[in-house]
Amino acid sequence: MAKLLISITNAKNDTDRATVGCVVANASVASGVETVVFLSTEGVRLAQEGYADDIHEEGFAPLKKLLTDFVDAGGTVWVCSPCFKKRGLDENKLVPGATIVGGAKAVEFLSTGAASMSY
Amino acid sequence: MAETQGHLGSEVFYDFEDMSCGDLLIALMKAMRPLSPGTLVEVRALDPGAPIDIPAWCGMVGHTLLVRAGGPARVHYLIRKGGAS
């Protein structure tokens, strides 16, 4: 199975990039590709329960729905541990399907032949 | 305006109107998943990217795009479900 890691490094600082990253992730997982969304730097905020509830870019589905659809379709969400901790976020309030990982996990996935895109 | 009936003789019809990109593909995946392999499905999709995305998606997930038709805009697609989701 093909593999794709989609790196999202933005949240409310650039909702356009954050949203399009999720949209492309959905296109990937719906196409039978093993897909990981890797949230790092500001992007980790998207993994905090409630944070993304009011992000709705014109012309796209709300970001919360995009992430929920992604996980329901079998996608994986990884959250950069040091980025998450640096921002003082609560690891007990992650959105469903999100897992806090270190960079090694992303590197391991890429080293198995996964392609990557960055938003 | 959404349509409720297909024109290509399928067993199932879905109108995705102007959904695009990942939204469209997730919706297609959800719609096709419960159907039995071999089911004929007609899809209406108005997004300008759909003529490229739908054939590509069918190829990736094992469905067969039989017909693209439906007036000058050719926004109707007849798909035979394969063995995948």
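Residues numbered from 1 in each chain as written. Chains lettered and ligands numbered in written order. Predicted model: local features only at pLDDT ≥ 70, side-chain atom pairs only at ≥ 80, totals over all residues.

A. Molecular detail of the overall build of chain A. Looking only at helices and strands, chain A has 4 helices and 5 strands in total. When the elements of chain A are put in sequence order from the N terminus, they spell out β-α-β-α-β-α-β-α-β. For 119 residues, the compact-globule estimate of 2.2 N^0.38 gives 14 Å, and the C-alpha radius of gyration of chain A, at 13 Å, lies within 12% of that figure. Each of the three principal axes of chain A carries a C-alpha extent, and together these read 35 × 35 × 20 Å. A burial count over chain A gives 45% of its 119 residues as buried. In chain A, once contacts between residues fewer than 6 apart in sequence are set aside, the share between residues at least 24 apart is 74%. (Helix = DSSP H or I, 4+ residues; strand = E, 2+ residues; numbered from the N terminus. Rg over C-alpha atoms; globule rule 2.2 N^0.38 Å. Buried ≥ 20, exposed ≤ 12 C-beta atoms within 10 Å, placed from the backbone. Contact = placed C-beta atoms within 7 Å.)

B. Looking closely at the overall build of chain B. For chain B, the count of helices and strands is 2 helices and 4 strands. Ordered by position from the N terminus, the helices and strands of chain B form the series β-α-β-α-β-β. Whereas a compact globule of 85 residues would reach a radius of gyration of roughly 12 Å, chain B reaches 11 Å, a difference of no more than 12%. Along the longest, intermediate and shortest principal axes, the C-alpha atoms of chain B span 30 × 25 × 20 Å. A sequence separation of at least 24 residues applies to 59% of the contacts in chain B between residues at least 6 apart.

C. Inspection of the packing of helix 1 (residues 21-32) of chain B against helix 2 (residues 50-61) of chain B at higher detail. Residue and element names in this part refer to chain B. Direction vectors running N to C along helix 1 and helix 2 enclose 40°, while the axes themselves pass 11 Å from each other. Taken together, helix 1 and helix 2 sit at an angle that is classed as oblique. The handedness of the crossing between helix 1 and helix 2 is right-handed. Mapping the contact onto sequence places Leu24, Leu25 and Leu28 in helix 1 and Ala50, Asp53 and Trp57 in helix 2. Here the residues of the contact of helix 1 with helix 2 sort into 5 nonpolar, no polar and 1 charged. (Axes fitted to C-alpha atoms, helices over the stretch in contact; angles between N-to-C directions. Parallel < 35°, antiparallel > 145°, perpendicular 65-115°, else oblique. Left-handed = near helix turned anticlockwise from the far one by under 90°. Nonpolar A, V, L, I, M, F, W, Y, C, P; charged D, E, K, R; others polar.)

D. Fine view of the sheet that holds strand 5 (residues 115-118) of chain A. Residues and elements named next belong to chain A. Spatial ordering of the open sheet is given by 4-3-2-1-5, a layout of 5 strands whose pairing is parallel. Looking at the sheet topology across the chains shown, the edges are occupied by strand 4 (98-101) and strand 5. Here the average twist between neighbouring strands, direction ignored, is 25°. As judged from the 4 bridges shared by strand 1 (residues 3-8) and strand 5, these two strands associate in the parallel manner. When the sheet's bridge partners are listed, Leu4 is paired in strand 5 with Ala115. Here helix 4 (residues 103-111) sits on the sheet and contacts strand 1, strand 2 (34-39), strand 3 (76-80), strand 4 and strand 5; the angle it forms with strand 1, its principal contact strand, is near 145°. (Pairing = 2+ DSSP bridges.)

Keep in mind that these numbers describe shape and distance, not what the molecule does.
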